[in-house]
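Descriptive analysis of the structure
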Amino acid sequence: MGGTYRWREKSWWGWGWADEGLDDAACRELAERALRPWMPIDGSVLPIPFDPLLDPPRLIPPSMMAEAFAADSMARAAHTYGKSFRDVVRALHGDLRHPPDLICYPRTTHDIVAALDWAEAVGAAVVPYGGGTSVVGGVEYRGEGPWISLDLSRLNRIAEIDEVNHAVRVRVVTPQGPVESLRVPASGAGPSVAGLFLGSEGTLGVIVEAWLRVTRRPERKSSAGVRFDVYGEGVAAVREIVQAGLRPSNCRLLDPVEAMLTAGATDGRARLLLGFEGPYDRLLDDALEICRSHGGVTDEVQDGTFRDTFLRAPYTRDALIRLGLVVETVETACTWSRFEQLHEAVIAAAQAAAPARVAVVTCRFTHVYPDGPAPYFTIVTPARRGAEVAIWDEIKAAVSAAIVDSGGTITHHHAVGRDHRPWYDDERPPLFAEALRAAKRTLDPRGVLNPGVLI
Ligand SMILES: Cc1cc2nc3c(=O)[nH]c(=O)nc-3n(C[C@H](O)[C@H](O)[C@H](O)COP(=O)(O)OP(=O)(O)OC[C@H]3O[C@@H](n4cnc5c(N)ncnc54)[C@H](O)[C@@H]3O)c2cc1C
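Calculation rules
- Residues numbered from 1 in each chain as written.
- Predicted model: local features only at pLDDT ≥ 70, side-chain atom pairs only at ≥ 80, totals over all residues.
- Heavy atoms only, no water.
- UniProt positions renumbered as here; feature names shortened; annotations may be inferred.
- Pairing = 2+ DSSP bridges.
- Helix = DSSP H or I, 4+ residues; strand = E, 2+ residues; numbered from the N terminus.
- Axes fitted to C-alpha atoms, helices over the stretch in contact; angles between N-to-C directions.
- Buried < 20%, exposed > 50% of the residue type's maximum accessible area, 1.4 Å probe, protein only.
- Polar contact = N/O pair within 3.5 Å; in protein donor to acceptor, adjacent residues only side chain to side chain.
- Contact = heavy atoms within 4.5 Å.
- Near = heavy atom within 4 Å.
- Areas by Shrake-Rupley, 256 points an atom, 1.4 Å probe, with all protein chains shown as cover.
- Nonpolar A, V, L, I, M, F, W, Y, C, P; charged D, E, K, R; others polar.
- Domains from an automatic or database assignment.
- Salt bridge = Lys/Arg side-chain N within 4 Å of Asp/Glu carboxyl O.

- You'll find the protein entered in an unreviewed UniProt entry as FAD-binding oxidoreductase, with Dactylosporangium fulvum given as the organism.
- The UniProt entry for the protein carries this comment under Sequence similarities (unreviewed entry): "Belongs to the FAD-binding oxidoreductase/transferase type 4 family."

In structure tokens:
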């Protein structure tokens, strides 16, 4: 197969590759095998709209770069939303009320500058689109005017591999011109230039080049699974591991329900999946010693099952949505001393807001720091057909309030987008919000870039 390229179609309505998703028969089989005993579902499978009906585009591409633009229905439908539960369910119901008028596929920085100039001139908003997998409404425009989805998938070149220096840098195109950070290991020269743009979610500029810190593939890896009878002891063990400076490359604590659904552990106990990379096997031994001091027992459950389930999970999620379930995740970060209360509050809030108070809520740590964990909750509950979005919005509001009241941030890694705005606006200090608005006025004075996100 060397040298051949197999073209694969991406799903326009759901996650990933179109040919990897579960077909109708596989959805029904999943319902019979895994859901019937647990969830009151009717067994019908929501069909995939064949040919989405959209209003005609309100913009005509500029003649000098017409080949960089697309206006066909499938491209416009595929760029209407990201990939959250709300997005998938709206696409499946054919609810594509505000599709982009055009998609722009720049190949060069020059194309981006020209597209931004043209958008300003015709009064169109521009929404940068990377992989388009935002789960927070980051790539969806909710204004009324014309808009362009700026699909950056053709800016896919590896520009340089620097084996000596691992320093990071970003290069950004703003409507007012380019901005580039220095490539040095660290700098005390004021607030970081890169820091202004990382996390700015396409509101201040388009990142066109990024130097990343890549390390060589490790020659040695070591991993283990650990079983905890008491979930809180698992939490304490993880805290001790990271506070001892052991820095595992994988440190996922799964609560008992998460362990059952994703790691095949049916004994009702929590699991910790631990992994280290590099030549020092002693680090894993030290971490396991800490686990044992908290009652942890090394277990035969390895992270392979979890990894396989994890990689297939987005496709399974889409199948569950077609079968009539609400399936969505929320994530946060908090200090260690807040975690126990936050964990209880999120589960209680999700269950109280779910229809008939029936919801499966699981938790795992996706990241851990010396100062606290990043807990990630998955919520599954039956939906009424047609009311899925309203049901989720109610649960999301309840759960977000529980997170904020318990001292967590509204997002650890999913970002703010449009969906988290109300909680983000409360979370950030008012003067900081003013400073961000001032930066926006300087870099994007006509407010072309991703209106409604962050600022
Ligand atoms: C089923 C599922 C599972 C997921 N699992 C994970 C997970 O395990 N870990 C995780 O971290 N996330 C996960 N996510 C969330 C999502 O995939 C991430 O948020 C992802 O990093 C977004 O990257 P993207 O390239 O698709 O960004 P997009 O969705 O294209 O964009 C995100 C935001 O960045 C802006 N943007 C994009 N490119 C640029 C650019 N070049 N310059 C300026 N702004 C830009 C966009 O305008 C938007 O506001 C999951 C999502 C789904 C649906």
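Picking up after the structure, the text goes on.
1. Details of the sheet that holds strand β5 (residues 169-174)
- Judged by pairing direction, the sheet is antiparallel, and its three strands sit side by side in the order β6-β5-β7 without closing on themselves. Lying at the two open borders of the sheet, with one neighbouring strand each, are β6 (177-180) and β7 (206-211). Geometrically, the sheet is characterised by an average inter-axis angle of 15° between neighbouring strands, direction not taken into account.
- By the bridge criterion, five bridges tie β5 to β7 in an arrangement that is antiparallel. The residue bridging valine 172 from the neighbouring strand is isoleucine 207, located in β7.

2. Overview of the sheet that holds strand β3 (residues 125-129)
- With mixed pairing, the four strands of this open sheet are ordered in space as β1-β2-β4-β3. If you trace the sheet from one side to the other, it starts and ends with β1 (69-70) and β3, each paired once.
- Looking at chain direction, β3 and strand β4 (residues 147-151) are connected through five bridges and run parallel. Within β4, the position partnered with proline 128 by the bridge is leucine 150.

3. Topic: the side chain of serine 11
- Counting through the fold element by element, serine 11 comes out in the segment before α1 (24-35).
- Residue serine 11 is classed as buried on the basis of its relative accessible area, which comes to 12%.
- A polar contact is formed between the side chain of serine 11 and the backbone nitrogen of tryptophan 13, at a distance of 3.3 Å.
- Here serine 11 is in contact with Gly16, Trp17, Ala18 and Lys83, once residues within four sequence places are set aside.

4. What about the site of the ligand?
- By nearness alone, 24 residues border the ligand, and Pro128, Gly130, Gly131, Thr133 and Ser134 come closest of all.
- In the model, an oxygen atom of the ligand is placed 3.3 Å from a nitrogen or oxygen of the glutamate 201 main chain.
- In the environment of the ligand, a nitrogen atom lies 2.9 Å from a nitrogen or oxygen atom belonging to the backbone of isoleucine 207.
- In the complex, the protein chains occlude 71% of the 970 Å² of accessible area that the ligand would expose alone.
- Elements with a contribution of two residues or more to the shell around the ligand: β3, β7 and α9 (303-322).
- Counting residues per element, the shell around the ligand draws most heavily on α9, which supplies three residues.
- Each residue belonging to the shell around the ligand can be placed in one class, and the counts come to ten nonpolar, eleven polar and three charged.
- Taken domain by domain, the makeup of the shell around the ligand includes at least three residues from each of domain 1 (45-151) and domain 2 (221-413).

5. Structural notes on the pattern of salt bridges
- Throughout the structure, instances matching the rule amount to 32 salt bridges.
- When the shortest N-O distance is used, the salt bridge between arginine 8 and aspartate 19 registers 2.8 Å. Here arginine 8 is found in the segment before α1, whereas its partner aspartate 19 is found in the segment before α1, with eleven residues between them in sequence.
- As a salt-bridge pair, arginine 183 and aspartate 162 come within 3.3 Å of each other at their nearest N and O atoms. Of this pair, arginine 183 sits in the loop between β6 and α5 (193-197) while aspartate 162 sits in the loop between β4 and β5, and the two are 21 residues apart along the sequence.
- Each of Asp87, Arg90, Glu140, Arg142 and Asp419 takes part in a single network of salt bridges with overlapping partners.

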